[in-house]
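Report on the structure
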Amino acid sequence: MMTHPFVRALIYLIGLMAFAGLNAAYLVWCERKGAARIQRRIGPCEVGWAGLLQPLADGLKLMTKQLLVPDGVDAALFRLAPVLAMLPGMVSLAVIPFSDTLQAREMELSALLIFAFASVGMLCVLLGGWASGNKFAIISSTRAVSQNLAYEIPMLLTVITIALIVGSLNLRDIAMEQQGNLFHWNLFRLEGWHILTMWISFIIFFICSIAETNRAPFDLAEAESELVAGYMTEYSSMGYGLFMMAEYINIVVGACLTATLFLGGWACPFGLAPGWWWFVLKIYVLIFTIIWVRWTYPRTQIYRLLNLSWKVMIPFSLVNLLITAGLVKFL
Amino acid sequence: MNLPRPQHYEETFVLNLGPQHPATHGVLRIKVTMDGEYVVKAEPVLGYIHRMHEKIAEQGNFAQFMPYTARMDYLHALAFNHGYCLVVERAAGIEVPERAEYIRVITVELNRIASHLLWWAAFLLDLGGFTPLLYAFDDREQILDLLERITGSRLTYCYFRFGGVCTDVDDEFISGTRAFITRLRKRLPTMYHSLVTGNIILIKRIKDIGIISREQCRLYGASGPVARGSGIDFDVRKHEPYSVYPELDFDIPVYPDGDSMARYMVRMDEIEQSLRIIEQALDKLPDGPIIAAKVPKNLKPEAGAFYAAVETARGSLGHRLICDGSKNPYRLKLRSPTFCNLSLYAEVAEGMMIADALAFLGSLDLVIPEIDR
Amino acid sequence: MDARNELHIAITNLFTAPEQCADGESTAVPDTTTLKNLDHARNGADLEHHCLPEQLPAAAGILEGQGLMLESITAVDWIEQQEFEVFYDFIHTDVANYRVVLRCTISRIQAELPSLCSVFPAANWHEREVFDFFGIHFNSHPDLTRILLPEDADFYPLRKDYMP
């Protein structure tokens, strides 16, 4: 059935916003429930069955609170930053192929687009921290910037290994290339012996995606024992809420990207009935892993984090890139 | 790995950590002059919860000050009970029955474990690990339940009396304590050490961070796990034995490194040693009265100066009591351990990164009401 | 002879023979009668030394040299005699069960003492506390300001004539 491009865009826009909003809301619930289980607690259980209405209650609470704009902040930027923070996640979701038919917009360089917008997300953190005029917030945003700069490099280097194998930066092409069972996925790719090096790429990419989304153990920008709440210190109400939502949407985007690049997109591990359900399953497994990591490990220090990137991850990813290039060339 | 150290400080700014800050666990304020993320100068500012307990002590009679002792170190309140009882008993020449001494040791050591567990939880929270907090609270809750059973309160105990304790322990307390010992012994290696102590991030965060030398410890009067983490074998329980500690077999863990990891390990080992003490004390618990007969309501110790020290979870707590022969203490000075331990902070924290400086602060195990008194 | 007795004799000798002090500044000969052995079990200390304010740094220096640690500084307001008495409690960190007390009496009107900060950095905060509560001035203290009370407090609460 052909629909007018405009109608199509509208449907996808609404769909993506709903997906992003629902995920942001219910990932908070998942996180709280998951954390509770890890910590031998029950977690939210009062509002609705198993606390399922809790995100709604939280949202209402945040919305009814006053957005406090303290004296001495750059009011325009202060208000703009959280709104802008939502943008990159939403845009990135538009190019994610959920299945071979379910993709808002196919682009030749969709993988690059996501990285470009990830940097915009970092800019929002910087804006928020800067506009707050709070020392904790400024330290936090400088941390966030240096952290993001450091981790984008190994992340992109590992994406290049994928691009070498697949020959494209189009996420749909990358996913199509991996159709079939487990051993067609980039992570376990038997063809061309990529299984030998791909796990290095995968680990580097996964660590980088945790660092890029400011999640524990790399959540230095909002390290509450040092910087109170980091760049969100001065935010209240939905300003805070939007930053939180942006964080969760970024996690979803990170998981989507990992699933598409390494885990075969919407392919089934056994080669049966591929479809969006496999994709969604994969991203939630990844998200659960991220939550699990957060509630298990303490936080690292900023200088160790940067050292890890510049002294370990970047050399490793460069060597990995060379080996992959060799494999692609000679096998 | 060598920690980064700045060569020179270019442009500094002042950051106020506290009095309300998540890492200071209370109302401590640290005025930090920073250059970027480096601490140029850290100056603790005290007194936000100062209540002048020493004046309160002078206003009432000896027994009236008893409940206040627990309000200082609310995490190891029984040790403060004990210290105050010890100095007054020393001044008034009161003999404590043996059963009461054993009960005192059992409860104080249980309280010490609770305090160390809470420190462990809060320290991990400082380092960004939230989950251990709830594991530790799970165990601490057991102790609080046990202590609540016999003392009637869960945090700010007023359980000791001059010449003994106020209520006897019952069989349920004894069997509960034994069960708790078994439980914690099982959980320590698995939930505490495998999950947290061996964690590479934790080791990287606290190993070689905040090194205090032996000499620094002595010159600053540091005591407790801080001193023992720097290789000083100084524990009042062994050093100036009081109560029935000489009759019990236990070790004083000492680590020579002086870093946060050493202080961490001292406390973790102390939990095990406290379990040993409790186990032996329960075995040896004699029958008899729990309070000395004929302790007058209004004590009137002879004039003189007396000093008594006890080991709290944070170090050596001293009470300097000056009596003038009246029914009120003429002067009671509390030498609180963290007051001295914290005075090290400014010197050691200099040149650290802010994250390490706060991890170091956590490793000192501060209880602010005890510093401010 | 155990370490404790050795230490006791060494400190006693040093106190009574000031010419052996590391710094030759202390010329005033301490009165040996002010040195008193105490019963540890009764008073919680072993040696008590009543010294003059100007002897304090030298006495503290001796104790520092013997490896003692400053535990606390306390003052007492003897209002009837119009005097302050300051107690310095020392403990040895390695030799078990050994405590020394330095006692120093000063006039209530001109309450001044030399600071021990140069000998024991620990004295810094303790002296600030004594200053805070009693208004005793410690000369050559690097930063003699209020420590526990608010900086604008204009009273010394532990003086016996202070009524809230």
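Residues numbered from 1 in each chain as written. Chains lettered and ligands numbered in written order. Predicted model: local features only at pLDDT ≥ 70, side-chain atom pairs only at ≥ 80, totals over all residues. Heavy atoms only, no water.

**Points about the overall build of chain C**
- Looking only at helices and strands, chain C has four helices and seven strands in total.
- Each helix and strand of chain C, ordered N terminal to C terminal, gives the series α-β-α-β-α-β-β-β-β-α-β.
- Taking all 164 residues of chain C together, the buried fraction comes to 59%.
- Considering only contacts in chain C between residues 6 or more positions apart, those separated by 24 or more positions represent 53%.
- Of the accessible surface of chain C, which amounts to about 6,900 Å², a share of 50% is contributed by carbon and sulfur atoms. (Helix = DSSP H or I, 4+ residues; strand = E, 2+ residues; numbered from the N terminus. Buried < 20%, exposed > 50% of the residue type's maximum accessible area, 1.4 Å probe, protein only. Contact = heavy atoms within 4.5 Å. Areas by Shrake-Rupley, 256 points an atom, 1.4 Å probe, with all protein chains shown as cover.)

**Quick word on the nonpolar core**
- In terms of nonpolar packing, the biggest core is built from 173 residues, with Tyr264 and Tyr345 of chain B together with Phe15, Tyr88, Phe90 and Ile136 of chain C touching the most fellow members.
- With 14 residues, the single largest contributor to this core is helix α4 (residues 98-126) of chain B.
- Core analysis: the second largest hydrophobic core is formed by 81 residues, Phe78, Ile96, Val125 and Val252 of chain A among them. (Core = buried A, V, L, I, M, F, W, Y, C linked by side-chain atoms within 4.5 Å.)

**Concerning the confidence of the model for chain A**
- In this model, chain A carries a mean pLDDT of 83, and residues with pLDDT of at least 70 account for 98%.
- Taking the mean pLDDT of every element in chain A, the minimum, 75, falls on helix α8 (residues 224-227) of chain A and the maximum, 87, on helix α2 (residues 54-64) of chain A. (pLDDT = per-residue confidence, 0-100.)

**Concerning the interface of chain B and chain A**
- Counting from both sides, the interface comprises 37 residues of chain B and, opposite them, 24 residues of chain A.
- A combined buried area of about 2,700 Å² lies between chain B and chain A, and 61% of that area is made up of carbon and sulfur atoms.
- The tally of links between chain B and chain A comes to one salt bridge.
- Scanning the region where chain B abuts chain A turns up 10 residue pairs in polar contact (both at pLDDT 80 or more).
- Elements represented by at least two residues in the side of chain B that touches chain A include exactly β1 (13-17), α4, α5 (131-151), α6 (171-197), α7 (200-206) and α14 (354-363) of chain B. (Buried area = accessible area lost by both parts, 1.4 Å probe. Salt bridge = Lys/Arg side-chain N within 4 Å of Asp/Glu carboxyl O. Polar contact = N/O pair within 3.5 Å; in protein donor to acceptor, adjacent residues only side chain to side chain.)

**What to know about the sheet that holds strand β4 (residues 83-92) of chain C**
Residues and elements named next belong to chain C.
- Strand order across the open sheet formed by five strands is β1-β2-β5-β4-β3, with mixed pairing between neighbours. In this open sheet, the two strands that pair with only one neighbour each are β1 (35-37) and β3 (68-78). Between one strand axis and the next, the sheet turns through 20 degrees on average, direction left out of account.
- Strand contacts of helix α1 (residues 3-16): β1, β2 (47-50), β3, β4 and β5 (99-107), with the helix running at about 10 degrees to β2, the strand carrying the most contacts.
- Running over the sheet, helix α4 (residues 123-134) touches β3 and β4 and is turned about 10 degrees from β3. (Pairing = 2+ DSSP bridges. Axes fitted to C-alpha atoms, helices over the stretch in contact; angles between N-to-C directions.)

**Quick look at the sheet that holds strand β2 (residues 29-35) of chain B**
Residue and element names in this part refer to chain B.
- Within the open sheet, the three strands sit side by side as β1-β2-β3. Their pairing is antiparallel. Every interior strand has two partners, whereas the edge strands, β1 and β3 (38-45), have only one. Taking each pair of neighbouring strands and ignoring which way they run, the sheet shows an average axis angle of 25 degrees.
- In this structure, β1 lies alongside β2, joined through five bridges in antiparallel fashion. Counted as the bridge partner of Asn16 is Lys31 from β2.

**Comments concerning the pairing of β4 of chain C**
All names here are of chain C.
- Taken across its 10 residues, β4 has nine buried, putting it largely inside the fold.
- Relative to β4, β3 runs antiparallel, the two sharing 10 bridges. Of the residues in β4, the one forming a bridge with Asp77 is Phe84.
- The turn joining β3 and β4, which pair antiparallel and follow one another in sequence, is formed by four residues; a positive phi near 55 degrees is taken by Gln82.
- When β4 meets β5, the two strands line up antiparallel, connected through nine bridges. If you follow Phe84 over to β5, its bridge partner there is Ile106.
- Hairpin connection, β4 to β5: the antiparallel pair is bridged by six residues, and Asn97 has positive phi, about 60 degrees.

**Some remarks on the packing of aromatic side chains**
- Within the structure shown, the criterion is met by 28 aromatic pairs over all chains.
- Judged by centre distance (5.2 Å) and plane angle (80 degrees), the ring pair of Phe65 of chain B and Tyr84 of chain B falls under edge-to-face. Taken together, the positions of Phe65 of chain B in helix α2 (residues 62-69) and Tyr84 of chain B in helix α3 (residues 77-92) put the pair 19 residues apart, joining distant regions of the chain. Residues Phe65 of chain B and Tyr84 of chain B agree in their burial class; the two are buried.
- Measuring from centroid to centroid gives 4.7 Å for Tyr330 of chain B and Trp78 of chain C, while their planes differ by 10 degrees, and the two rings are stacked. Taken together, the positions of Tyr330 of chain B in the loop between β7 (315-323) and β8 (331-335) and Trp78 of chain C in strand β3 put the pair across two chains. Comparing Tyr330 of chain B with Trp78 of chain C shows no difference in burial state: the two are buried.
- Among the aromatic residues, those joined into a ring-pair cluster are Phe78, Tyr231, Tyr235 and Phe243 of chain A.
- Of note, Arg140 of chain B hangs over the ring of Phe137 of chain B, and the distance from its end group to the ring centre comes to 5.4 Å.
- The aromatic ring of Tyr330 of chain B is capped on one face by Lys160 of chain C, whose charged end is 4.0 Å from the ring centroid. (Phe/Tyr/Trp six-rings, centres within 6.5 Å; stacked < 30°, edge-to-face > 60°. Lys NZ or Arg CZ within 6 Å of the ring centre and 35° of its normal.)

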